Amino acid sequence: MLFIIVFALICIQRLVELRVARNNERYMKSQGAIDFGQAHYKYIVILHVAFLASLFIEYLVKESTLSPIWPWLLAVFIVLQLGRIWAIKSLGHFWNTKIIVLPNAQLVKKGPYKWIPHPNYVIVALEILVIPLIFQAYVTAIFFTLLNMLMMYIRIPEEERALNSIYKNQEQY
């Protein structure tokens, strides 16, 4: 039962986030924002949908049980969700699942962005590892952690190039 609850909440959360991202994209583009890195975006979407499908299938096929340390892992997951909300709220209209940059805007340096440049990516990477571990879905945990690392190897430099092209005169982030 815990699997169904957690899985449903994650799916609902992702759909809500996509709606927020779409609204933020419309707002940012109305202000003159520029899209970057569109070529790899579809692969990010595929990765996240495939992650959820893999988690669901592995759980059903293996008839997985909860990890012996599931309460600790669930606590980590909940803390990650709080971090995710903090990162999204800190960026406000600037938060998006795409790379959309508004020329002449100030670079956000509040919330978790005071300490690290891409906290949301750290949170997602940890989620991709922790969520399957709660349910002992080890294949999903390992495979998608590696795939996500590969995707971030492409995504983060692309985002850095976009930010550098816009914020090159601002203090280094």
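Just above sits the structure.
Reference entry: report on the structure contained in this document. Only a predicted model underlies this, so the values are computations on that prediction, with no experimental measurement involved.

## Here's the deal with a nonpolar patch on the surface
- There is a patch of nonpolar side chains on the surface, built from Met-1, Ile-4, Ile-5, Leu-9, Phe-56, Ile-57, Leu-60 and Val-61 and spanning about 830 Å² of accessible area.
- Those elements that provide at least two residues to the nonpolar patch are helix H1 (2–30) and helix H2 (38–62).
- With respect to the helices and strands, the residue Val-61 is situated in helix H2.
- On the basis of relative accessible area, Val-61 is assigned to the exposed category, the value being 64%.

## As for unusual backbone geometry
- Backbone geometry at Asn-104 places phi at a positive 70°, although glycine is not the residue there.
- Relative to the helices and strands, Asn-104 is located in the loop between strand E2 (99–101) and helix H4 (119–134).
- Overall, Asn-104 belongs to the exposed group, its relative accessible area being 79%.
- The phi torsion at Gln-136 lies on the positive side, around 55°, for a residue other than glycine.
- Take Gln-136: it is sitting in the loop between H4 and helix H5 (138–167).

How each quantity is defined
Residues numbered from 1 in each chain as written. Predicted model: local features only at pLDDT ≥ 70, side-chain atom pairs only at ≥ 80, totals over all residues. Heavy atoms only, no water. Patch = residues over 30% accessible without salt bridge, like charges linked within 9 Å, V, L, I, M, F, W, Y side chains within 5 Å. Areas by Shrake-Rupley, 256 points an atom, 1.4 Å probe, with all protein chains shown as cover. Salt bridge = Lys/Arg side-chain N within 4 Å of Asp/Glu carboxyl O. Helix = DSSP H or I, 4+ residues; strand = E, 2+ residues; numbered from the N terminus. Buried < 20%, exposed > 50% of the residue type's maximum accessible area, 1.4 Å probe, protein only.

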